[in-house]
Amino acid sequence: MGMSACGLTDHGTFAGAIEFLSLCRQHGIRPVLGIEAYLSRNHNAKNKEDQPDGRKGNRHINLFAKNLVGYQNICALSQAASVDGYYYDPRVDIELLAKYSSGVICSSACLSNLVNALLLHDQYDKAKKAVGVFKDIYGEDYYLEMMFHGINAEAKILPDIQKLGKEMDVKLITSNDTHYTKKSDAKFHEVVICMSTGRTLKDPKRLKFPYAEFYFKSKEEMYKLFGHIPSALKNTLEVAEKCDYSDLIFIEQGGSMKLPKFNLPPNYSTPYAYLHDLAWQGFKRMGLENSEAHRQRLELELSDVKLIWDTKKYDFATYFLIVQDIMRYAKENDISSSIRGSGYGSLMLKCIGVIESSIDCIEFELLWERFLGFSEKYFFAESDFGIKEGTNG
């Protein structure tokens, strides 16, 4: 379609961002990573008493990552929304938006946005006040969004959105709510909605979009809708140009592993040195000193961990220390936990206390390479472990 940039704002989730970023890079398109978040008065309110308007109280808002920091902050918002704020939808609130605002661009989204809903109900002053709140949080990275799909309610508020932009010195952008790729896909979208809501096409009360306008529109179609406001079209490109993900590099592209910081004991300078000593201490504690086969196996595993750090800077030493710390905490606090899968092929994991089992990887000829294997493209340990829900900690 000849477009230089493309954005993604899935409803309530940021999960598609990485795949979308990869595809855009493959095709030379500038990606704009975002989420259409659900905004509530209080993301901890999870009943009718605290949120009388139920699901209608979950207002939509678009958030875009400008850079790596913005990406990390939207990840944090998405996690908080799903883990702590789920009520009909995964929700955030103003307090969370302010806390994780660095590196984030915000726009006013669709008719379900707070500002637009207030305008629709002729509450211009309240809408103006809401714009002020968002502008205080995001500054020049807050935009008022305009869209038109033939809906009367949209036509009603468009003049007020433009008025708000002038009075509050907030730039306007344009967009099209996209739920399917082509206009001809509208009928298939109806089927998908029926499947997801448990309705049939014959049901007169089923959820249905009013017009077949919610598709990926071309540049020419967008100019036809908003060509009389050229600054808004220009500002839409400005949002894309603000987004720079050069620091967001995947492992297979030469990037580093994104791991939490692990605090080493004061007498250790590197994670590998600490892992090495922990493993050999466990080796002796298990009484394996006289087994040459076990000695060679542990040497092999530790040397592979060091090799992948020396050659590709993949920090598996820190990764294994984090897993060991989690399992140690679980054990000390009577939390039911276990390792599973090919991790039983690692003598090192047994030596550092991650695995507590009578299974001997040498006796049963379990492969270390099945657990941590070298590959031209991928290299990652399959250390699956489980923590029982509902336990203390």
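The following paragraphs examine the structure supplied in this document. Small disclaimer: the values here were computed from a predicted structure and weren't measured. (Residues numbered from 1 in each chain as written. Predicted model: local features only at pLDDT ≥ 70, side-chain atom pairs only at ≥ 80, totals over all residues. Heavy atoms only, no water.)

A word on the packing of aromatic side chains
So, point 1. In total, this model carries 10 aromatic pairs according to the counting rule given.
So, point 2. Relative to Tyr142, the ring of Phe134 has its centre 5.5 Å away and its plane inclined at 25°; by these criteria the two rings are stacked. For the residue pair Phe134 and Tyr142, the accessibility class agrees, reading buried in each case.
So, point 3. With a centroid separation of 5.0 Å and 70° between ring planes, the pair formed by Trp280 and Phe283 is classed as edge-to-face. Of this pair, Trp280 and Phe283 both sit in helix 10 (residues 271–285), three residues apart, which is roughly one turn of that helix. Here Trp280 and Phe283 have matching classes, each one buried.
So, point 4. Taken together, Phe262, Tyr268 and Tyr274 form an aromatic cluster joined through their ring pairs. (Phe/Tyr/Trp six-rings, centres within 6.5 Å; stacked < 30°, edge-to-face > 60°. Buried < 20%, exposed > 50% of the residue type's maximum accessible area, 1.4 Å probe, protein only. Helix = DSSP H or I, 4+ residues; strand = E, 2+ residues; numbered from the N terminus.)

Considering the nonpolar core
So, point 1. The biggest cluster of nonpolar side chains holds 60 residues, and the ones touching the most others in it are Leu33, Leu63, Leu97, Val115, Tyr142, Leu144 and Leu164.
So, point 2. Setting aside residues up to four positions removed in sequence, Leu164 forms contacts with Val115, Leu119, Tyr124, Ala127, Lys128, Val131, Leu144 and Asp169.
So, point 3. One finds Leu275, Leu298, Tyr319 and Trp368 within the second-largest nonpolar core, a separate group that totals 35 residues. (Core = buried A, V, L, I, M, F, W, Y, C linked by side-chain atoms within 4.5 Å. Contact = heavy atoms within 4.5 Å.)

Remarks on the pairing of strand 6 (residues 104–107)
So, point 1. Burial along strand 6 is two-sided: Val104 and Cys106 facing one way and Ile105 and Ser107 facing the other are all buried.
So, point 2. Looking at chain direction, strand 3 (residues 59–65) and strand 6 are connected through four bridges and run antiparallel. By the bridge assignment, Phe64 is partnered in strand 6 with Ile105.
So, point 3. With two bridges joining them, strand 6 and strand 7 (residues 142–146) adopt parallel strand pairing. Bridge pairing links Ser107 to Tyr143 in strand 7. (Pairing = 2+ DSSP bridges.)

Digging into the pairing of strand 7
So, point 1. Judged by how many residues are buried, strand 7 sits mostly within the fold: five of five residues are covered.
So, point 2. Neither face of strand 7 is exposed, since Tyr142, Leu144 and Met146 on one face and Tyr143 and Glu145 on the opposite face are all buried.
So, point 3. For the segment spanning strand 7, helix 6 (residues 152–168) and strand 8 (residues 172–174), crossover handedness is right-handed. (Right-handed = clockwise from strand over helix to strand, strands pointing away.)

Notes on helix 12 (residues 316–332)
So, point 1. Between its terminal C-alpha atoms helix 12 stretches 24 Å, which fits the 24 Å expected from 17 residues at 1.5 Å a residue.
So, point 2. All buried positions along helix 12 are accounted for by Phe316, Ala317, Thr318, Tyr319, Phe320, Leu321, Ile322, Val323, Gln324, Met327 and Ala330.
So, point 3. Directly beyond the C-terminal end of helix 12, a positive phi value near 55° is found at Asp334. (Expected span 1.5 Å × (residues − 1).)

As far as function goes, none of this settles anything; it's purely spatial.
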